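The primary structure of each chain is shown beneath.
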Amino acid sequence: MKLEIDNVELNYSGKKILSGIYLKAEKGQITGLLGSNGCGKSSLLKIIFGSLKPKNKLIKINNNPFLKRLYTSKKIKYLPQHPLFPKDLKIRQAFLLFEAEWEMFISAFPEFKKHSEVRFGKLSGGERRLTEIFLVMNSYSEIILLDEPFTHLSPLYIEIITDLLQKEKHQKTIILTDHLYRHVLDLADNLYLIKDRHSHLIKGPTDLEKYNYIAANSF
Ligand SMILES: Nc1ncnc2c1ncn2[C@@H]1O[C@H](COP(=O)(O)OP(=O)(O)OP(=O)(O)O)[C@@H](O)[C@H]1O
C-alpha cells in the first residue's frame, strides 16, 4: 500500500497554514513528520484521515485518486493528540470495538490485567496512551496515523512501543509525528519537515539544522 497526499492548501480564517504540501508513505516504512509548534502537523493528519476539509488536496492510494474520506473506509486508524476514547469506556470494550487481542496485550503488559474492567478515565495519562497505541497498532487497518504517541510515556514504554512499530511496519503504512524528534529520527525510514507552510523531505539531521528546526551542532 502506498499513500500519497499532494497539493494540500489549508487556511484557517483566511490565514494560510499549509501550502503545496506533498507526503508519501509506504507499507514497510515508517514516515516521520516533524515541525515546530503550530506548523500544521496535526491538521495534516486530520486532512489525511478525512476529519478536516482543506481548501484543496489530492489523496492517492497505490497511484489511484481516493476521493472519499479515508475514515469512512476500514483502511485507516488515527491516534489523535488528545484522548482517543471517552472517559467512561471500559478498556475491554475498546478491545472489542477495535477487534484487537486482549490476551496479546496482557502478555506484553501483564500489569494491565487488573485494568480489564477499568474505564479509560481512571487510567494515568501514560497508561491510557499506551493502551491507545496498542489498540491502534493491533487493529486490522493498514494505514496508521500517530499524533504524538510518545507523550506521557516513560522511557521503557517508549522502547517497547518503538519495537512494536518496527515490527508492525511490515504490515502497515505508518505516519508518525512527535516532538521527541530523536525517537522519530531513529524510527523513521522517511522524514518530512513542515516549515513555512511547506513540506520538505529530510535526508538527515543536518537538514533539520539547515531549516532551524534544531539548533546548529545538535548532532
Ligand atoms: N480549528 C482551528 N481554528 C483556527 N485555527 C486553528 C484551528 N486548529 C488549528 N489552528 C491553527 O492552525 C495552526 C496549525 O495547528 P496544528 O494543531 O495543526 O499544529 P501542530 O503542528 O500540530 O502543532 P503542535 O505541535 O503544537 O501540536 C496553528 O497555528 C493553530 O493555532
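Just so it is clear, the model here is predicted, and its values are computed rather than measured. (Residues numbered from 1 in each chain as written. Predicted model: local features only at pLDDT ≥ 70, side-chain atom pairs only at ≥ 80, totals over all residues. Heavy atoms only, no water.)

A. The arrangement of the environment of S218 in detail. Secondary-structure assignment places S218 in the segment after α7 (205–210). Separated by ten residues in the primary sequence, S218 and L208 place their C-alpha atoms 9.5 Å from one another. In contact with S218, other than residues within four places in its own chain, are Y181, R182 and E209. (Helix = DSSP H or I, 4+ residues; strand = E, 2+ residues; numbered from the N terminus. Contact = heavy atoms within 4.5 Å.)

B. Expanded view of the site of the ligand. Near the ligand there are 13 residues, and of these G38, K41, S42, S43 and H179 occur at the shortest range. Take G40: an N or O atom from its main chain is 3.0 Å from an oxygen atom of the ligand. Here an oxygen atom of the ligand sits 2.7 Å away from a polar atom, N or O, in the side chain of K41. For the shell around the ligand, the element with the most residues is helix α1 (residues 41–49), which contributes three residues. Grouping the constituent residues of the shell around the ligand by class yields three nonpolar, eight polar and two charged. (Near = heavy atom within 4 Å. Polar contact = N/O pair within 3.5 Å; in protein donor to acceptor, adjacent residues only side chain to side chain. Nonpolar A, V, L, I, M, F, W, Y, C, P; charged D, E, K, R; others polar.)

C. Quick look at unusual backbone geometry. Despite not being glycine, S13 shows a phi value in the positive range, around 50 degrees. Position of S13 among the secondary structure elements: in the loop between β1 (2–12) and β2 (15–26). Despite not being glycine, D196 has its phi angle at roughly 50 degrees, a positive value. Mapped onto the elements of the fold, D196 is located in the loop between β9 (190–195) and β10 (198–201).

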